[in-house]
Amino acid sequence: MPWRTLAGLLPALLVGAWMAGHWSVMADGGRDLMAAHLGWLLAALAATALGWVANACARQGTVHERLPVLLLVVTQFASTAAGQLAPAGIGASAVNLRFLRAHGLPLMRTSAALALYSLAESISRVTLLLALLVAFPHALHTAGLLPGRSGLLLVAVIAAVVLLAAVAVLASMRRVRAAVRIFLVAALADLRSLHGRPSRALALWGGSLAFPVLQAASMSAVALALDMPVPAVHVAIAYLAATCLAALVPSPGGIGSVDAALALALVAAGSPTATAASAVLGFRIVTVWLPLVPAAVALSALIRRKVL
């Protein structure tokens, strides 16, 4: 069997093994969703699907070359499967890296495009969260949920140590320092030139902002489907806060770190604990587990057709 056929089958096999290991959790969440409002669940699915379109817009905004629209959207859908198999978005980034390389972009520019996307999406997500917290300052009831002053001090010390270690590595390794400098120069040049084209800047920042908005809308729709006694905008704020915090603890597809932070944030927003747990499971089913098998099939097809 040709190696590309084997590579095309690998995503489906890995996803099948992953689903087998999480089957009991999926079954529990499925039972909760059976009693939920179908209309809101369909709205959550629609927001999830639009999120792939928003991602495609943002990815197009990171490069000058015009990418094939349909293949770009399908690639974002396929990266849903890859994203569950590696931490911190590495799987999805690898899929997009292969897509850009297959369309003739050199490695330095594809790496810069991935970095620019991550930066724009992070800035948009944090800015959106801060804007909503200013508009709804009492959305999260954090008393007793956040660490005390000593805990925050410990987190700050750990962050400072990690930062200093990174600086020390760069300072002591000439080749690494030179490679980082070359990459930053190339990335900044791309950033300036892309922002000189209004269509690319609009695609980058519009898609980067729309993606977390649609994710938060999907979470709110799931909460409404389960009759969670929390305003939808507060649920959205809880979701954004959870994803920002969970980014500090990378895990495959965000499962584990995002789920724990999201459940905690929903309780902080006023949800009963049991309802928060059901909402987290429901959100996972709608946004990850339902699309997972077709996304794996799409990923396999893209590999076999040499799109990736």
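Please refer to the structure placed before this passage.
Small disclaimer: the values here were computed from a predicted structure and weren't measured.

> Which parts of the structure should I look at to understand the overall build of the protein chain?
For the protein chain, the count of helices and strands is twelve helices and zero strands. Seen in sequence order, the protein chain has helices and strands lined up from the N terminus as α-α-α-α-α-α-α-α-α-α-α-α. Looking at the protein chain as a whole, 42% of its 308 residues qualify as buried. Sequence-distant contacts, at least 24 apart, represent 77% of the contacts inside the protein chain between residues at least 6 apart.

> Could you clarify how one ought to interpret the packing of helix α3 (residues 38-60) against helix α9 (residues 198-225) in this entry?
Each pair of packed helices can be summarised by the angle the axes make with each other and by the distance between the axes. Between α3 and α9, the shortest axis-to-axis distance is 7 Å and the interhelical angle comes to 165 degrees. Relative to α9, α3 is oriented roughly antiparallel. The hand of the α3/α9 crossing is left-handed. Classifying every residue of the contact of α3 with α9 by side-chain character gives 18 nonpolar, seven polar and one charged.

> What is the right way to read the environment of Leu129 from this model?
You can see Leu129 is positioned in helix α6 (residues 107-135). Separated by 83 residues in the primary sequence, Leu129 and Pro212 have C-alpha atoms spaced 9.6 Å apart. When neighbours within four sequence positions are excluded, Leu129 is seen to be in contact with Ile237, Leu240, Ala241 and Cys244.

> Where do I start with the nonpolar core in this structure?
Soluble globular proteins tend to pack their nonpolar side chains together in the buried interior. Core analysis: the largest hydrophobic core is formed by 65 residues, its most contacted members being Met219, Leu262 and Leu266. Of all elements in the fold, only α3, α4 (69-83), α5 (90-102), α6, α9, α10 (232-246), α11 (257-268) and α12 (273-304) reach the threshold of two or more residues within this core. No other element matches the 15 residues that α12 contributes to this core. Residues contacting Met219, with those up to four places away along its chain left out, are Val235, Tyr239, Leu262, Leu266, Ala279 and Phe283. Core analysis: the next-biggest nonpolar cluster, separate from the first, contains six residues, Ala47, Ala58, Tyr117 and Leu214 among them.

> Is there a simple way to explain α10 in this structure?
One full turn of an α-helix is made of 3.6 residues, so residues set three or four places apart face in the same direction. Taking 1.5 Å of rise per residue, 15 residues should cover 21 Å, and α10 covers 21 Å from first to last C-alpha, within 8% of that figure. In terms of burial, α10 is a largely internal element, eleven of the 15 residues being buried. Within α10, burial applies to His234, Val235, Ala236, Ile237, Ala238, Tyr239, Leu240, Ala241, Ala242, Thr243 and Ala246.

> I'm lost on the pattern of salt bridges in this one. Help?
Pairing between side chains of opposite charge can happen when their charged atoms approach one another. As enumerated under the stated definition, the model contains two salt bridges in all. Across the pair Arg109 and Glu65 runs a salt bridge, and its minimum N-O distance is 2.8 Å. Placement of the pair is Arg109 in helix α6 and Glu65 in the loop between α3 and α4, with a sequence separation of 44 residues. Glu121 is the salt-bridge partner of Arg125, the closest N and O atoms lying 2.6 Å from each other. Within this pair, Arg125 and its partner Glu121 are both found in helix α6, separated by four residues, close to a single helical turn. Its relative accessible area of 8% is what places Arg125 among the buried residues.

> I keep staring at the packing of aromatic side chains and nothing clicks. Help me out?
When we look at a pair of aromatic rings, we describe it by the centre distance and by the angle of the planes. If you walk through the whole model with that rule in mind, you get two aromatic pairs. Measuring from centroid to centroid gives 4.7 Å for Trp52 and Phe77, while their planes differ by 65 degrees, and the two rings are edge-to-face. Within this pair, whereas Trp52 is found in helix α3, its partner Phe77 is found in helix α4, the two being separated by 25 residues in sequence. Across the pair, exposure class does not vary: Trp52 and Phe77 are buried alike. Seen in terms of ring centroids, Tyr239 and Phe283 are 5.3 Å apart; in terms of plane orientation they differ by 65 degrees. Their pairing is edge-to-face. With Tyr239 in helix α10 and Phe283 in helix α12, the pair connects residues that are 44 residues apart, well separated along the chain. The buried category is assigned to Tyr239, whose relative accessible area is 4%. The ring of Tyr117 has Arg59 sitting right over it, with the charged end atom 3.7 Å from the ring centre.

What counts and what doesn't
- Residues numbered from 1 in each chain as written.
- Predicted model: local features only at pLDDT ≥ 70, side-chain atom pairs only at ≥ 80, totals over all residues.
- Heavy atoms only, no water.
- Helix = DSSP H or I, 4+ residues; strand = E, 2+ residues; numbered from the N terminus.
- Buried < 20%, exposed > 50% of the residue type's maximum accessible area, 1.4 Å probe, protein only.
- Contact = heavy atoms within 4.5 Å.
- Axes fitted to C-alpha atoms, helices over the stretch in contact; angles between N-to-C directions.
- Parallel < 35°, antiparallel > 145°, perpendicular 65-115°, else oblique.
- Left-handed = near helix turned anticlockwise from the far one by under 90°.
- Nonpolar A, V, L, I, M, F, W, Y, C, P; charged D, E, K, R; others polar.
- Core = buried A, V, L, I, M, F, W, Y, C linked by side-chain atoms within 4.5 Å.
- Expected span 1.5 Å × (residues − 1).
- Salt bridge = Lys/Arg side-chain N within 4 Å of Asp/Glu carboxyl O.
- Phe/Tyr/Trp six-rings, centres within 6.5 Å; stacked < 30°, edge-to-face > 60°.
- Lys NZ or Arg CZ within 6 Å of the ring centre and 35° of its normal.

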